[in-house]
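The residues making up each chain are set out below.
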Amino acid sequence: MTDVTDATRDAGADATIRACLSLDQPRSFFLFAGAGSGKTRSLKEALEGLDTQTLTTLRKHSRKIAVITYTNAAADEITRRVKADPVFQVQTIHSFAWSLIEGRTADIRGWLESNLRTEIAEIQAAHAKGRAGTDAHDKREKKMASKTKRLERLAEIRAFTYAPEGDNFGRDALQHTEVIALAAHFLTESETFQNIVLARYPFILIDESQDTMKPLMEALLTFEARHRGRIALGLLGDTMQRIYTDGLRDLDQRVGDFSQPAKQMNHRSRKRIVDLANSIRRDDDGRQQRAREDKPGGTVRVFIAPSDGTDRAVFEASARAEMARITGDSAWQNAEAIKTLTIERHMAAARLGFSELFEPLSKPDKLKDGFRDGTLPAMRLFTHRVLPLVTAQRNGDAFAAMAVLRDGSPLVDKRGIREGGGGQATGLDAARAGVAALMTLFNDEPDPSCADVLAVVAEHRLFPIHDQLRACLPDDNLVAQDMADILAELDPLFDELDLTTPEGTPPAETTITEAWTQALEARFSQVARYLAYVEDRSPYGTHQGVKGLEFPRVMVIADDAHTRFKGLASYETLFGVKPLGPAAQKKADNGEETTIERTRRLLYVTCTRAEESLALVLYSEAPDTIRRFLISNGWMAEDEIVIAATDGTH
Ligand SMILES: Nc1ncnc2c1ncn2[C@@H]1O[C@H](COP(=O)(O)OP(=O)(O)OP(=O)(O)O)[C@@H](O)[C@H]1O
């Protein structure tokens, strides 16, 4: 018998998965394994390890292996690993759900019709009981009117549309929750649909299954149970890493009939970090991991400061310095070399210095998602036009500046430099004048406001201006008309810029203009910081956004006082500083989940991102209570806890 090593200890789990992925005898499985155990690696290896005969048979019958990932980035990575072989259909859950239902117009219409009728009836019932003249009353009326209108227009729709990552405005568009609900509905209710899915996919593999939208996961489990032996539903995940409320809470209880390969190793983190993860998990499902023998040691420290009156920047800088001293790893002195995890983005915005831009734009529903993930079209004027142009000019790089203009300015189009015409100052001279005016702005005032920048761009017609920004200009009609003329001439070159309001988009509300007006007061330097953040070039991430990732040095920041959405997590409650409220206590008594479990899981996810060293920075009303909690629960040794001195250092 060969000796078991860290590398081979969990080999049995991969062998079990391989055996499950058999066309003759497909078997569903649930890979149960903790952080850093190589779940994602197992998925990739399972796909790469499929034998040629299986793949040839699949291709011959136009069948595919569905692989569902949590993010697009993960889908891209797996697609790359399988060399973009089309036998693997790798996508996110929304794309997958849409691929199942796309084109089933009549069925979708039927479902929507009955769904809308039910929703309208429910609102009507609430309305009959509610009082008139209240906000809720008005909202219900609006909702009923819009749902009734949608119902009336359903018959006109020739094909439903859906963009998994888009806003989905317009008459024909389906909403994200509808696409999930529709796929779940057909999967459980329609035998024809089930047969189509069975014919198309012998294996459906889902990564991060603990966070897969509940309705679809329920439907897949029902579908699997009904057709057991004809399909392998492969779930990879870790219930301790469920961080969204969308996921199925008792997933591990629902897969009793599945094969359940398990893994013991943590290949990512050094021993001290694995020990901490085990301690955090002990109060949950108690599953424990082993660190690799070639990854001993590692450092964990907790820095606790009073939430009132502590200067966060000073305290965190001193925590980094202390980490550098303790670990002997000077990279801790360099904020760029550390991954700092805040619970909400506004905390990162404050630390990175783009709060003035962030705060107003992250509020309105219509702006916030695009702004937060860096896809807000209006914002591109600053991030993708003005910023690179100014940077190029400052670097004396005329070639790069021209490339920006050619790419985005109506004055200088891709087909060559236009000469002025129709009495308008267009062409290279106009572009030069515009750039000069812009740079004068930056010379006069090294860091002008975004509003000043916008005014120069508008005055010189340097770049097209999105509707939302145009509404903030003093005399928007004039500029709008000029711009419309220019765009009409350049069509179709600027079609792709999506400058017009799509059909069905609600008219720009005053809240949107107000948000932009406020955000435009931000200094232009905030644009670069914002861009670095959304492009993930900054050293900050959120607790939720780093699932699946790993970093040598991690600093986790827990700051309840600055957490706005109180339902997200409460470290003070987890550590016993604050008791559960009466309602939450009642939930706990009924065996329901409370903020304690949610916060513990978030802490588990964040701490297990660290490979070498981990600093936990806590702001609390009662630092000493936290200290006692950590020691009495065996999470930390006494000398691993650093309490702030009154001046905010230690
Ligand atoms: N068998 C192995 N031998 C050596 N290194 C491994 C092995 N399996 C995984 N690793 C490494 O361990 C790290 C964690 O792997 P992976 O990201 O696949 O884990 P995971 O279980 O998906 O983690 P998490 O759930 O925490 O996101 C990666 O750096 C990976 O390369």
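Residues numbered from 1 in each chain as written. Predicted model: local features only at pLDDT ≥ 70, side-chain atom pairs only at ≥ 80, totals over all residues.

## Remarks on the site of the ligand
The following threshold applies: Residue proximity rests on one test: whether the C-beta atom, placed from the backbone, lies within 6 Å of the molecule or strand. Side-chain classes follow a simple rule in which Ala, Val, Leu, Ile, Met, Phe, Trp, Tyr, Cys and Pro form the nonpolar group, Asp, Glu, Lys and Arg form the charged group, and the remainder, Gly included, forms the polar group. Throughout the structure description, domain borders are defined by an automatic or database domain assignment.
Looking at the ligand, there are 16 residues lining it, with Ala35, Gly38, Lys39, Thr40 and His267 nearest. In the shell around the ligand, the residues fall into three nonpolar, eight polar and five charged. There are two domains that each give the shell around the ligand at least three residues, and those are domain 1 (11-101 + 181-266) and domain 3 (274-343 + 543-643).

## Looking at the packing of helix α11 (residues 271-282) against helix α26 (residues 595-607)
Going by this rule: With axes taken as lines fitted to C-alpha atoms, and helix axes fitted only over the stretch in contact, angles between N-to-C directions fall between 0 and 180 degrees. Secondary structure is summarised from DSSP: a helix means a run of H or I of at least four residues, a strand means a run of E of at least two, and numbering begins at the N terminus for each. Any angle that is under 35 degrees is reported as roughly parallel, and any over 145 degrees as roughly antiparallel; angles of 65 to 115 degrees are reported as roughly perpendicular and all others as oblique. By definition, residues are in contact whenever their C-beta atoms, placed on the basis of the backbone, come within 7 Å of each other.
For the pair α11 and α26, interaxial distance at closest approach is 10 Å and the crossing angle is 170 degrees. The pairing of α11 with α26 is recorded here as roughly antiparallel in orientation. Residue-level inspection shows Ile273, Leu276, Ala277, Ile280 and Arg281 of α11 in contact with α26, the latter providing Arg600, Leu603, Tyr604 and Cys607. Broken down by class, the residue content of the contact of α11 with α26 amounts to seven nonpolar, no polar and two charged.

## Examining the nonpolar core
Nonpolar side chains in soluble globular proteins generally cluster together in the buried interior. Filter applied, for reference: Note on terminology: a nonpolar core is any set of buried Ala, Val, Leu, Ile, Met, Phe, Trp, Tyr and Cys residues joined through C-beta atoms within 7 Å. With C-beta atoms placed from the backbone, a residue is labelled by how many other C-beta atoms lie within 10 Å of its own: buried for 20 or more, exposed for 12 or fewer, partly exposed between the two.
Cys450, Val457, Val556, Cys607, Val617 and Leu618 are the most contacted members of the largest nonpolar core, which has 99 residues in total. Residue contributions to this core peak at seven residues, all from strand β14 (residues 610-620). Excluding residues that lie within four positions of it along the chain, cysteine 607 makes contacts with Ile273, Leu276, Ala277, Ile280, Val556 and Leu614. Within the second largest apolar cluster, 60 residues are counted, among which are Ala13, Ile68, Leu182 and Leu216.

## Quick look at the environment of threonine 57
Following the sequence through the fold, threonine 57 ends up in helix α3 (residues 52-60). Under the C-beta neighbour-count criterion, threonine 57 is labelled partly exposed, with 13 such atoms within 10 Å. Sequence spacing of threonine 57 and leucine 23 is 34 residues, and the spatial spacing of their C-alpha atoms is 8.9 Å.

## What to know about the sheet that holds strand β12 (residues 540-542)
To keep it simple, the criterion reads: Pairing between two strands is assigned when DSSP locates at least 2 bridges connecting them.
Strand order across the open sheet formed by six strands is β12-β9-β13-β14-β8-β15, with parallel pairing between neighbours. Looking at which strands have only one partner, the edges of the open sheet turn out to be β12 and β15 (641-643). For this sheet, the mean angle separating the axes of adjacent strands, direction not counted, is 20 degrees. Of the strands in this sheet, β9 (339-342), β12 and β13 (551-559) are in contact with helix α13 (residues 345-352), which crosses β12 at around 165 degrees.

## Looking at the UniProt feature "binding site: ATP" (unreviewed entry) in the protein
Our working definition: UniProt positions are given in the numbering used here, feature names are shortened, and annotations may be inferred rather than shown by experiment.
Under the UniProt annotation, "binding site: ATP" (unreviewed entry) lies at Ala33, Gly34, Ala35, Gly36, Ser37, Gly38, Lys39 and Thr40. Not counting residues up to four positions away in its chain, the partners in contact with glycine 34 are Asp238, Met240, Asn266, Arg287 and Gln289. Here glycine 36 lies in the loop between β1 (29-32) and α2 (39-48). Ignoring sequence-local partners within four residues, the contact set of glycine 36 consists of Asn266, His267, Arg268, Ser269, Glu550 and Thr608.

## Observations concerning the sheet that holds strand β4 (residues 203-206)
Strand order across the open sheet formed by five strands is β1-β5-β4-β2-β3, with parallel pairing between neighbours. Each edge of the open sheet carries a strand with a single partner, namely β1 and β3 (88-92). Adjacent strand axes in the sheet meet at a mean angle of 15 degrees when their direction is disregarded. Two elements, β1 and strand β5 (residues 232-237), share four bridges in a ladder whose sense is parallel. Bridging across to β5, leucine 31 finds its partner in leucine 236. Of the strands in this sheet, β1, β2 (65-69), β3, β4 and β5 are in contact with α2, which crosses β5 at around 150 degrees. Seen against the sheet, helix α4 (residues 72-81) touches β2 and β3 and runs at an angle of roughly 165 degrees to β3.

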